[in-house]
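Architecture at a glance
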Amino acid sequence: MNLKGSKIIVTGGSSGVGKSTARMLVEHGAEVLITGRNSSRLEKAANAIGCAWIEADVASADAVEKTFQWVKDNWNNRLDVLINNAGLGEFAPVEDTPMESYHRVFSVNFFGPVMMVKKALPLMQRRGSGSIVNLASTSSMKGFPNGSAYAASKFALRGFTQSLVEEVRNQNIRVFQVNPSEVSTAFGNPEREERKETENKLGPDQIAQTIVSILQLPEKAFIPELSVWATNSKF
Ligand SMILES: NC(=O)c1ccc[n+]([C@@H]2O[C@H](COP(=O)([O-])OP(=O)(O)OC[C@H]3O[C@@H](n4cnc5c(N)ncnc54)[C@H](OP(=O)(O)O)[C@@H]3O)[C@@H](O)[C@H]2O)c1
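Residues numbered from 1 in each chain as written. Predicted model: local features only at pLDDT ≥ 70, side-chain atom pairs only at ≥ 80, totals over all residues.

In the vicinity of the ligand there are 31 residues, among which Gly12, Gly16, Arg37, Gly87 and Thr185 approach most closely. Of all the secondary structure elements, the ones that give two or more residues to the shell around the ligand are helix 1 (16–27) and strand 2 (31–36). Tallied by class, residues from the shell around the ligand come to 12 nonpolar, 14 polar and five charged. (Near = placed C-beta within 6 Å. Helix = DSSP H or I, 4+ residues; strand = E, 2+ residues; numbered from the N terminus. Nonpolar A, V, L, I, M, F, W, Y, C, P; charged D, E, K, R; others polar.)

Okay, unusual backbone geometry next. Although it is not a glycine, asparagine 77 sits at a positive phi angle of roughly 65°. Examined against the element boundaries, asparagine 77 turns out to sit in the loop between helix 3 (61–75) and strand 4 (81–84). Although it is not a glycine, arginine 192 sits at a positive phi angle of roughly 65°. In this fold, arginine 192 is placed in the loop between strand 6 (173–180) and helix 6 (204–215). Note on arginine 192: 14 C-beta atoms within 10 Å, which makes it partly exposed. (Buried ≥ 20, exposed ≤ 12 C-beta atoms within 10 Å, placed from the backbone.)

What the seven strands build is an open sheet, ordered 3-2-1-4-5-6-7; its pairing is parallel. Strands with a single pairing partner mark the edges of an open sheet, and in this sheet they are strand 3 (52–55) and strand 7 (225–228). Pairs of neighbouring strands in the sheet enclose a mean axial angle of 15°, with direction left out of account. Pairing of strand 4 with strand 5 (residues 130–135) involves four bridges; the strand directions are parallel. In the sheet register, isoleucine 83 faces strand 5, and the bridge partner there is valine 133. Set on the sheet, helix 2 (residues 39–49) makes contact with strand 2 and strand 3; between it and strand 3 the angle comes to about 175°. Along the sheet face, helix 5 (residues 148–168) touches strand 5 and strand 6 and points at about 155° away from the line of strand 6. (Pairing = 2+ DSSP bridges. Axes fitted to C-alpha atoms, helices over the stretch in contact; angles between N-to-C directions. Contact = placed C-beta atoms within 7 Å.)

Summarising the sheet, strand 1 (residues 7–10) and strand 2 pair through four bridges and their orientation is parallel. Paired with lysine 7 across the strands is glutamate 31, a residue of strand 2. In the classification by handedness, the crossover that spans strand 1, the intervening helix 1 and the parallel strand 2 is right-handed. Bridge count for strand 1 against strand 4 is three bridges, and the pairing is parallel. Bridged to isoleucine 8 within strand 4 is valine 81. (Right-handed = clockwise from strand over helix to strand, strands pointing away.)

We now examine helix 4 (residues 99–127). With 29 residues, helix 4 should cover 42 Å at 1.5 Å per step; its first-to-last C-alpha distance of 41 Å lies within 8% of that length. Its maximal kink placed at serine 107, helix 4 deviates by approximately 45°. For helix 4, the full list of buried residues reads Val105, Val108, Asn109, Phe110, Phe111, Gly112, Pro113, Met115, Met116, Ala120 and Met124. Packing partners of the buried residues in helix 4 comprise helix 3, strand 4, strand 5, helix 5 and strand 6. Residue glycine 128 follows helix 4 closely and has a positive phi angle near 75°. (Expected span 1.5 Å × (residues − 1). Bend = angle between axes of the 7 residues up to and from the residue.)

Below, the discussion takes up the packing of helix 3 against helix 4. Interhelical geometry of helix 3 versus helix 4 gives an angle of 35° and a closest axis separation of 10 Å. Note that helix 3 runs across helix 4; the crossing there is right-handed. Of the residues in helix 4, those in contact with Ala61, Val64 and Phe68 of helix 3 are Met115, Met116 and Lys119. Partitioning the contact of helix 3 with helix 4 into residue classes produces five nonpolar, no polar and one charged. (Left-handed = near helix turned anticlockwise from the far one by under 90°.)

Encoded structure:
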């Protein structure tokens, strides 16, 4: 697709992968709306990128409603691409993970994208085109110690995505799942400070470049799922 002039939502666009992706999309001429939970971080990112922003927690049905009211008011209900990027992790052994933690992680990583997709689909179906990118993780395919809440939420997102692909593919709607391995961002940092990119770990720009590239495929083509690994990861 040609990104120039296309209308794109990036959830969780105030830092990390979402911020890099929004920036790269704007550089390609797209009109982008970023969302997040903190208005000062959003405003700062949006000013640097040259995009719109709205404070909206993807785990809140009211905030999802507000996001799509913005699309109606500002884009006349046109939405070319939805990028479900907002996500968080809480990591502990199962016996030390309270039920609230499972609910919190699932609310953002699973129910958030589901609510966003349910609002985006009718707009795309009416126009007979659209693309949805779900940011999952390599943890959507393999669990790891202390990752039961996070990995389970991404496994759930993967199941949802695979079913969605089958439902909307013949409606000319593309659904992509991108699985980053570890990326140096503010992910998992309660202070929300971004980690410095290092030689051997992925940075957010490599995931952003992946997302931009797959969207740029001609609309008759899509990649249901792809993983991005660091080439020379030394742990
Ligand atoms: N970093 C990694 O190693 C890694 C690996 C694989 C997959 N991923 C996935 O990649 C995606 C992006 O992660 P990242 O590394 O870029 O993390 P990040 O730097 O922590 O950024 C997450 C973004 O999402 C926003 N956000 C968090 N909760 C939200 C909510 N409930 N509603 C709306 N926005 C919310 C954050 O802003 P506020 O905090 O201000 O709301 C921030 O803008 C996530 O889905 C993550 O699971 C990351």
